[in-house]
Amino acid sequence: KLKKNLLSPQAMLASLSVKVLYNLSFNKDARALMIQHDLIPPLARLYNIFPNASIVPLLYQISVDMQARKFLSCNEVPRKLVETMKRSPGKILDERLAALAINLSTDLRCADIFCKRGIGFLLKRIKASVQ
């Protein structure tokens, strides 16, 4: 049912579904079920539409599992993440974006996307954020 709600044209329903999934994402078995029930593609679509919404913490929680990173790399998540970080205002990068980028960079496909889309820029932003 949550997958259906994520695809709903009603923004409020999709947002509430993301919040429910975020609360569940602290449990490893729940994260595995999210992958098993193919929730990554609808989450990736939502991230493309609302890159600054509450979806980033959920994507980060999912990216904690090494197995999940390959599923995130098969969507537009890495490309949109680079785009979002480049448009992020100020010198300091949002720590949630940086954490998600660091986790995803351990996946070969994501690392390749990051390299092609401006790894130097990302490293400078992450370094500035840490200092």
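Our structure is the block above this text.
Predicted model, so just to flag it, every value in this text is computed and none were measured.

A. Structural detail: the pattern of salt bridges. Scanning the model with the defined rule gives six salt bridges in all. In this structure, Asp38 engages Lys3 in a salt bridge whose closest nitrogen and oxygen atoms are separated by 3.7 Å. On the criterion of sequence distance, the pair formed by Asp38 in the loop between α3 (28-36) and α4 (40-49) and Lys3 in helix α1 (residues 2-6) is long-range, its members being 35 residues apart. As a salt-bridge pair, Asp65 and Arg31 come within 2.7 Å of each other at their nearest N and O atoms. Taken together, the positions of Asp65 in the loop between α5 (55-63) and α6 (66-73) and Arg31 in helix α3 put the pair 34 residues apart, joining distant regions of the chain.

B. Quick look at the side chain of Ser17. Checked against the element boundaries, Ser17 lands in helix α2 (residues 11-24). Judged by its relative accessible area of 3%, Ser17 is buried. With near-sequence residues (within four places) excluded, Ser17 lies in contact with Leu2, Asn5 and Leu6.

C. How the structure looks around the nonpolar core. Leu43, Tyr47, Leu59, Ile62, Leu81 and Leu104 are the most contacted members of the largest nonpolar core, which has 31 residues in total. Contributions of two or more residues to this core are made by α2, α3, α4, α5, α6, α7 (77-87), α8 (95-104) and α9 (108-130). Those residues in contact with Leu43 that lie beyond four places of it in its chain are Leu6, Val18, Leu21, Ile55, Leu58, Leu59 and Ile62.

Reading the values: the criteria
Residues numbered from 1 in each chain as written. Predicted model: local features only at pLDDT ≥ 70, side-chain atom pairs only at ≥ 80, totals over all residues. Heavy atoms only, no water. Salt bridge = Lys/Arg side-chain N within 4 Å of Asp/Glu carboxyl O. Helix = DSSP H or I, 4+ residues; strand = E, 2+ residues; numbered from the N terminus. Buried < 20%, exposed > 50% of the residue type's maximum accessible area, 1.4 Å probe, protein only. Contact = heavy atoms within 4.5 Å. Core = buried A, V, L, I, M, F, W, Y, C linked by side-chain atoms within 4.5 Å.

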